[in-house]
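The residues making up each chain are set out below.
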Protein chains: 2
Amino acid sequence: MGSRDLHQGATMTAMSGATIHQVAKAAGVSPSTVSNFLNGRPGRMLPETRARVEEAIRHLGYRPNRAARQLRTGRVQVVGLVVPSVANPFWGAFALHLEGAALAAGYHVLLCNSARDPERERAYIDELWADGIRGVVLCSSLPSLDHVLPLVEQGLNLVAFDRTAQAGDPSRMVNISVDNVIGAQLATRHLLELGHRRIAFVSGALRSVNRRERFRGFRDALENAGLSPDDAIVWSGAADEPYGDLDVAGLGRRAAADLMRGDDPPTAIVAINDMCALGVSAGVRDAGLRVGQDVSVVGFDDIVLADLAAPPLTTVRQPMADMAAAAFTHLRECVESDEPATGRSLLMRPELVVRGSTGPVPPPR
Amino acid sequence: MGSRDLHQGATMTAMSGATIHQVAKAAGVSPSTVSNFLNGRPGRMLPETRARVEEAIRHLGYRPNRAARQLRTGRVQVVGLVVPSVANPFWGAFALHLEGAALAAGYHVLLCNSARDPERERAYIDELWADGIRGVVLCSSLPSLDHVLPLVEQGLNLVAFDRTAQAGDPSRMVNISVDNVIGAQLATRHLLELGHRRIAFVSGALRSVNRRERFRGFRDALENAGLSPDDAIVWSGAADEPYGDLDVAGLGRRAAADLMRGDDPPTAIVAINDMCALGVSAGVRDAGLRVGQDVSVVGFDDIVLADLAAPPLTTVRQPMADMAAAAFTHLRECVESDEPATGRSLLMRPELVVRGSTGPVPPPR
DNA sequence: ACCTCCTTGTGCAACGTTTTACCAAGGCTT
DNA sequence: AAGCCTTGGTAAAACGTTGCACAAGGAGGT
């Protein structure tokens, strides 16, 4: 590929990249043999021949044309990643890990931001399919997968991330998620143990599986502590707010403002995730109260920023790196072997990380 | 592949996606005509014919095979995005915007995290090129582009984002960046106007263009205020720390710890970016000091989290959405027209956003 | 000597698209 | 009526791979 010193006619061909034919000619073999060297096992030829092919490839800087290969085989070394919004650091970090795993296996990652809009997801995944991509990590956690079902039935390998299996799911997929119920229970129990009894749950609309599960964990924990469900204070955003993914933080901030303005404001708040919790914290401060003292706040995810906040955020950690690696590995296996492991689920255990944003109930003011 | 209820033969073809031949047959025309309808202008045929083709396409749910198209034309509707780390919310947000612009034009975005490692970038971009991708947004801001030069000379369209033009740059590229010098000057002048005289600059190794420029703006502002360069306190990380992109925040935190432990600690700190500034703020608090009162901190970027921090972060805003759109638009034009606008640069004006993390110099303790 | 099998290859037909060159038929001009 | 555009459309050759089917040439068995 180099470039500088080519005066003889080879230039043009070197420019657009050598083909397998040129390699074959240079090595004095047929294209088939080169192909065999590259794909079938190289044991199919004399060591001497193999050496010549190797040398020719190296010398010409040959890289197989992916389009041609894909056209012929129907495969691409690309997986799709559909996240609500990569501007959320949690998804950013997830994308980083997924991409790392993919890179190590020679795969690439195609990024799609769906804002949890099913129609947008459908359109995206349709395109990915048309591009020959047969593996997708879908992170929207929508309860229904109907919008992508046709493709899954046609052979698309799907990993539903941050979403547990639901009745009616297609069989040809796997779910990878943290145990959101337990996670929310851990968070809520922590607040209860600190003595809180007026606890609010702040989220965007509860339209995704993970959010519903977290809510369930929250409610279960309250009930286990002998509180009635009516004691739960739930703030799920204005009805017109699509999913609260574009700006969860802003949503959290408004929520806190609302809640703190109320008659009998909560002494603790469980936020749907860390970004939301950071927004809630800001809202609490807006109201002139101190996070961790006047009001306890707990998040979910344990993004890097949780530890940098003031006070640092108590939260529920997801083993994200592991999950990302698992998602990719699974996808790769399915795509490469054809015929997928069907109906598997991977449920990871979350971990409570206690920091400064939670504390004992303040004396009544 | 698929499975369930295939009794009639047509199913198989519907499964793997219809081809242009099937569409042609269904419409009673030749493949060429269908192709003309799709690419050349549809004015090339009778309205009646066109209608039949349209109907056939709709009815069969035909989507052109990208691999075949790419093999034939050599083009793909994909641009590469190479960022230091998408886990940094700034790059996450940038990716979101770029992807939005791409989506609107029917393009996809391939995500690459380089950690500013030139070798990794080279390998990445080589692969993108081999994949037929002819447009890449490179965000590492490395002073030398030698590692990607061969490909650029062969026809790769490059947008160097967050990096101004350097002597020796290949001509076939454009630079899009905020004016980092002015930005850093704004930040520093703000601190000077508040009365600060002992000001520190915190960054990872100054190996990227944007960082050097920010540092220059910082130093210029000090000099303009009549301070000697020696008054500048510069903390650029341990020598063994590659670039400080993996964990800028952690770096900022350690930096603050170091600085605050010193004999004559600074009263204000300019951080290389917002993530770093958030880390610095955490470090300042670790040292038992109050951000915005005991120590002023200013960042760069204005990520969403800047406004959520406690206290909210004074910072320099980049018009990111505009820049992302410009980057994509340019790339698209180049890729589609072949032969690029050469040697152009786009330099955007930054804006100082004053929030609570900066304040007047505290009385000496 | 003949058949069989193994080794080390090669030839050729796809894969689904785009595009160049060509063609037929009708309408104008002269 | 001959020549020439124009219109509406087609045939066929690529693009660079892969993988099946086949082929020499030799080794081993009977």
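Residues numbered from 1 in each chain as written. Chains lettered and ligands numbered in written order. Predicted model: local features only at pLDDT ≥ 70, side-chain atom pairs only at ≥ 80, totals over all residues. Heavy atoms only, no water.

J.: Mind showing me how you'd approach helix H9 (residues 180–193) of chain A here?
T.: Residues and elements named next belong to chain A. The end-to-end C-alpha distance of H9, which contains 14 residues, comes to 20 Å, matching closely the 20 Å that a straight helix rising 1.5 Å per residue would cover. The buried fraction of H9 amounts to 10 of the 14 residues, a majority that puts the element mostly inside the structure. Listed as buried for H9 are Asn 180, Val 181, Gly 183, Ala 184, Gln 185, Ala 187, Thr 188, His 190, Leu 191 and Leu 192. At the N-terminal boundary of H9, the capping side chain belongs to Asp 179, with an oxygen 3.2 Å from the backbone nitrogen of Val 181. In the segment just after H9, Gly 195 is the residue with positive phi, at about 105°. (Helix = DSSP H or I, 4+ residues; strand = E, 2+ residues; numbered from the N terminus. Expected span 1.5 Å × (residues − 1). Buried < 20%, exposed > 50% of the residue type's maximum accessible area, 1.4 Å probe, protein only. Polar contact = N/O pair within 3.5 Å; in protein donor to acceptor, adjacent residues only side chain to side chain.)

J.: In this structure, what is going on with the sheet that holds strand E9 (residues 296–298) of chain B? I would like to understand it.
T.: By definition, the strands of a sheet pair up through backbone hydrogen bonds, in either a parallel or an antiparallel sense. All names here are of chain B. Spatially, E7-E6-E8-E9 is the arrangement adopted by the four strands of the open sheet, whose pairing is parallel. Each edge of the open sheet carries a strand with a single partner, namely strand E7 (233–235) and E9. With direction set aside, neighbouring strand axes in the sheet form an average angle of 20°. Across three bridges, the pairing between strand E6 (residues 199–202) and E7 is parallel. Paired with Val 202 across the bridge in E7 is Trp 235. (Pairing = 2+ DSSP bridges. Axes fitted to C-alpha atoms, helices over the stretch in contact; angles between N-to-C directions.)

J.: Looking at this structure, I do not really get the confidence of the model for chain A. What am I missing?
T.: Reading fine detail from the predicted coordinates is not recommended where pLDDT is low. Per-chain confidence: chain A averages 89 in pLDDT, with 93% of residues scoring 70 or above. When the criterion is pLDDT under 50, residues 1–15 of chain A qualifies, and its contacts beyond four places in sequence or with other chains add up to 13 contacts. (pLDDT = per-residue confidence, 0-100. Contact = heavy atoms within 4.5 Å.)

J.: When you look at the interface of chain A and chain B in this model, what are you seeing that I'm missing?
T.: Where interface size is given, it is often the accessible area lost as the parts come together that is meant. Counting residues at the interface gives 51 residues for chain A, matched by 52 residues for chain B. Buried surface at the junction of chain A and chain B, both sides included, amounts to about 4700 Å², of which 59% is carbon and sulfur. The tally of links between chain A and chain B comes to six salt bridges. Measuring nitrogen to oxygen at the nearest pair gives 2.6 Å for the salt bridge that ties Glu127(B) to Arg66(A). On inspection of chain A and its partner chain B, the count reaches 14 residue pairs in polar contact (both at pLDDT 80 or more). At the level of secondary structure, the elements contributing two or more residues to the side of chain A that touches chain B comprise helix H1 (10–16), helix H5 (66–73), helix H6 (89–104), strand E2 (108–113), helix H7 (118–130), helix H8 (149–154), helix H11 (248–261) and helix H12 (274–286) of chain A. Taken together, the residues that form the side of chain A that touches chain B break down as 29 nonpolar, 10 polar and 12 charged. In this sheet, strand E2 (residues 108–113) of chain B lies alongside E2(A) in antiparallel orientation, the contact comprising three bridges. Among the inter-strand pairings, Leu110(A) is bridged to a residue of E2(B), identified as Leu110(B). (Buried area = accessible area lost by both parts, 1.4 Å probe. Salt bridge = Lys/Arg side-chain N within 4 Å of Asp/Glu carboxyl O. Nonpolar A, V, L, I, M, F, W, Y, C, P; charged D, E, K, R; others polar.)

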